[in-house]
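# Coordinate analysis (summary)
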Amino acid sequence: MKIKQIVMTSALLAFLPWGAEAAEGRLLATGGATTTEGAAGGGLVPWAVISGYTEDDEMGGTVALTRAQVDDYRLDVTAASFSYKNRFEISIAAQQFTLENLGAELRQQVFGMKYRVAGDLIYTAMPQVSVGALYKRNTRYDIPELVGSQRENDWEAYIAASKVWLAGPLDRTWLANVTVRATRANQFGLLGFGGDLNDSYDVRVEAATGVFLHRSLAIGLEYRQKPNNLSFAREDDAMSAFIAWFPSKRVALVGAFLDLGSIAGADNQTGYYLNLQASF
Amino acid sequence: MNKLQTGCIHLVGLIFIVAIGFSPITSTVAHANDSLYDALGGTDGIEKLVEELLFNVAEDRRIRHHFMDIDVVRLHEKLSEQICELAGGPCTYTGDDMVKSHTGMGVTRSDFNALVEGLQLAMDDLNISISAQNRLLALLAPMHDEIVGR
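Parameters at a glance
- Residues numbered from 1 in each chain as written.
- Chains lettered and ligands numbered in written order.
- Predicted model: local features only at pLDDT ≥ 70, side-chain atom pairs only at ≥ 80, totals over all residues.
- Heavy atoms only, no water.
- UniProt positions renumbered as here; feature names shortened; annotations may be inferred.
- Helix = DSSP H or I, 4+ residues; strand = E, 2+ residues; numbered from the N terminus.
- Buried < 20%, exposed > 50% of the residue type's maximum accessible area, 1.4 Å probe, protein only.
- Contact = heavy atoms within 4.5 Å.
- Polar contact = N/O pair within 3.5 Å; in protein donor to acceptor, adjacent residues only side chain to side chain.
- Lys, Arg positive; Asp, Glu negative; His and termini not counted.
- Salt bridge = Lys/Arg side-chain N within 4 Å of Asp/Glu carboxyl O.
- Disulfide = S-S within 2.5 Å.
- Pairing = 2+ DSSP bridges.
- Axes fitted to C-alpha atoms, helices over the stretch in contact; angles between N-to-C directions.
- Phe/Tyr/Trp six-rings, centres within 6.5 Å; stacked < 30°, edge-to-face > 60°.
- Lys NZ or Arg CZ within 6 Å of the ring centre and 35° of its normal.

## Notes on the UniProt feature "binding site: heme" (unreviewed entry) in chain B
All names here are of chain B.
- With numbering aligned to this structure, UniProt lists the feature "binding site: heme" (unreviewed entry) at H102.
- Structurally, the position occupied by H102 is in helix α5 (residues 98-102).
- You can call H102 buried: its relative accessible area is 15%.
- Apart from the residues lying within four places of it in its own chain, the contact partners of H102 are V107, I147 and R150.
- Polar contacts involving the side chain of H102 include one to the main-chain carbonyl oxygen of M98, which spans 2.8 Å.

## Some words on the side chain of R116(A)
Residues and elements named next belong to chain A.
- Tracing the chain through its elements places R116 in strand β6 (residues 104-118).
- No salt bridge is formed by the buried R116, whose closest oppositely charged neighbour, E55, lies at an N-O distance of 5.2 Å.
- Only 2.7 Å separates the side chain of R116 from the backbone oxygen of N86, close enough to count as a polar contact.
- A distance of 2.9 Å separates the side chain of R116 from the backbone oxygen of G119, its partner in a polar contact.

## Thoughts on the state of the cysteines
All names here are of chain B.
- For the coordinates displayed, the defined rule picks out one disulfide over all chains.
- Between the sulfur of C84 and that of C91 lies a disulfide, 1.8 Å long from S to S. Because the sign of the S-S torsion sets the handedness, a value of about 65° for the bond joining C84 and C91 places this disulfide among the right-handed ones.
- You can call C84 buried: its relative accessible area is 1%.
- Classification of C91 as buried rests on a relative accessible area of 19%.

## What about the sheet that holds strand β8 (residues 153-165) of chain A?
Residue and element names in this part refer to chain A.
- Strand order in the closed barrel formed by 12 strands is β3-β4-β5-β6-β7-β8-β9-β10-β11-β12-β13-β14, and the pairing between neighbours is antiparallel. Here the strands of the sheet are splayed against their neighbours by 20° on average, with no regard to which way each runs.
- Pairing between strand β13 (residues 251-259) and strand β14 (residues 270-279): nine bridges, direction antiparallel. Residue pairing across strands places L253 opposite L276, the latter belonging to β14.

## Observations regarding the pairing of strand β12 (residues 238-245) of chain A
Residues and elements named next belong to chain A.
- By the bridge criterion, eight bridges tie strand β11 (residues 217-224) to β12 in an arrangement that is antiparallel. Bridge pairing in β12 places G220 opposite F242.
- Direction of pairing for β12 relative to β13: antiparallel, over a ladder of seven bridges. Its bridge partner lying in β13, I243 is registered against G255.
- Once β12 ends, the chain turns through five residues before running back antiparallel as β13.

## Topic: the side chain of K114(A)
- With respect to the element layout, K114(A) can be found in strand β6.
- Polar side-chain contacts of K114(A) include one of 2.8 Å to the backbone oxygen of A40(A).

## Details of the environment of R26(A)
- Counting through the fold element by element, R26(A) comes out in the loop between α1 (2-15) and β1 (33-34).
- Linking R26(A) and T54(A), residues 28 residues apart in sequence, is a C-alpha distance of 6.5 Å.
- Those residues within four positions of R26(A) in sequence are excluded, and the remaining contacts are G31(A), I50(A), S51(A), G52(A), Y53(A), T54(A), E55(A), S83(A), N86(A), K249(A), N113(B) and E117(B).
- Polar side-chain contacts of R26(A) include one of 2.8 Å to the backbone oxygen of T54(A).

## Topic: the packing of aromatic side chains
Residues and elements named next belong to chain A.
- Inspection of every chain in the model, using the stated rule, returns five aromatic pairs over all chains.
- Taken together, a centroid distance of 6.0 Å and an interplanar angle of 70° make the contact between Y84 and F88 edge-to-face.
- The partly exposed category is assigned to F88, whose relative accessible area is 29%.
- Looking at K163, its charged tip hangs above the ring of W165, at a distance of 5.8 Å from the centre.

## Details of the pairing of strand β9 (residues 173-183) of chain A
Residues and elements named next belong to chain A.
- Here β9 lies mainly inside the structure; eight of its 11 residues are buried.
- Taken together, the nine bridges between β8 and β9 define a ladder with antiparallel strand orientation. Residue pairing across strands places Y158 opposite R181, the latter belonging to β9.
- In this sheet, strand β10 (residues 202-214) lies alongside β9 in antiparallel orientation, the contact comprising 11 bridges. Bridge pairing links V178 to A207 in β10.

## As for the pattern of salt bridges
Residue and element names in this part refer to chain A.
- Applying the stated criterion across every chain, the model contains 30 salt bridges over all chains.
- As a salt-bridge pair, R181 and E156 come within 2.8 Å of each other at their nearest N and O atoms. Of this pair, R181 sits in strand β9 while E156 sits in strand β8, and the two are 25 residues apart along the sequence.
- Given a relative accessible area of 2%, E156 falls into the buried group.
- Each of E37, K136, E156, R181, E206 and R224 takes part in salt bridges that share partners, so that together they form one network.

Now the structure itself:
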């Protein structure tokens with residue numbers, strides 16, 4: 001099983017080379033959480049932040065487990081990332097999407113890379129800007145093909161800008177992120193890429209904003225525009241309202257309310273999201 | 001798109017506008033920093049804060065080497081003056097500018113963050129409010145570029 005392999009590899013990465021000297025050069029929470037696609041960010045949206053706490057010459061990264069449960073579907077993700085010098089990250093995520101009414105499941109692997117091109121999240125007037133790419137691969141393609149997907153794997157590219165205001169409104173620390181992504185993905189890629197309605201890249205805007213109630217506790221919102229490529233069912237944008245807790249630089253826990261709209265004909269898919277991240 | 005999602009777009013948009021539009025005003029104009037000096041406990045509070053900070057630094061293996069061969073009494077005096085002046089208190093900073101005082105030290109980005117963490121712990125220990133903590137950090141953060149890599 002590929003997921004098991006990833007878990008094992010992640011565990012090795014986490015505990016062998018960096019077990020003694022974990023990266024800790026950055027301030028708490030500045031590596032964000034792990035998105036469902038493996039890249040550092042919120043939950044739905046990849047941010048400009050680089051995963052983990054690497055700064056200067058440090059190497060590090062994250063391992064993460066995620067579950068999203070909405071009315072008729074469940075998503076389980078195992079993800080890992082490696083980051084270097086607060087400059088770039090590579091990531092991998094294995095997604096399993098269960099269609100609970102049908103007793104069927106979809107599987108996707110996501111390989112990601114992200115490079116910080118300019119700015120610093122906290123210390124520069126300009127936002128931190130990163131560019132990223134994701135390669136997504138359906139490892140079970142029967143259902144996506146059936147509903148009109150045009151291909152079983154595809155690339156996405158994005159540019160993200162993140163900025164923190166240490167003393168923003170109400171003298172609290174605020175974060176804002178805007179990400180623009182070129183994508184052909186149907187339902188994040190879980191239903192393949194491209195469709196009978198549209199088979200070209202769409203540019204989609206994603207946004208996140210949050211406020212730190214304390215430097216270890218943030219609440220916020222995310223919004224992600226999505227394409228609408230398949231005639232068999234309408235696809236809606238996705239949003240979440242999250243709370244993120246960073247008890248230390250080793251662990252982060254995110255809980256969220258999710259609204260994924262209509263998925264494959266089942267409307268109003270709302271539910272919860274949980275993400276546990278370990279950093280090293 | 002359902003009503004909840006439409007509402008959320010508006011909410012995200014509103015928060016962006018508030019965050020981007022008002023943050024410079026709230027941090028520099030509305031307070032004018034007069035109450036930050038008080039929130040830090042005045043001159044006595046600031047001197048106590050700097051003392052706690054220097055204790056934390058001395059215990060921090062990541063950065064204590066930067067503070068080994070220096071006049072700690074003078075550092076305490078100058079740093080207290082600087083924070084007092086920044087916070088709008090009745091003090092005048094009489095030390096060197098940040099570039100001059102850090103040239104040759106080789107302060108890294110990690111070192112700077114470690115110092116910030118030492119300051120955060122000191123502020124926690126002295127029960128300084130989150131508002132005051134954030135405002136002081138926002139005043140010190142722009143010095144990053146003058147201090148790191150010199």
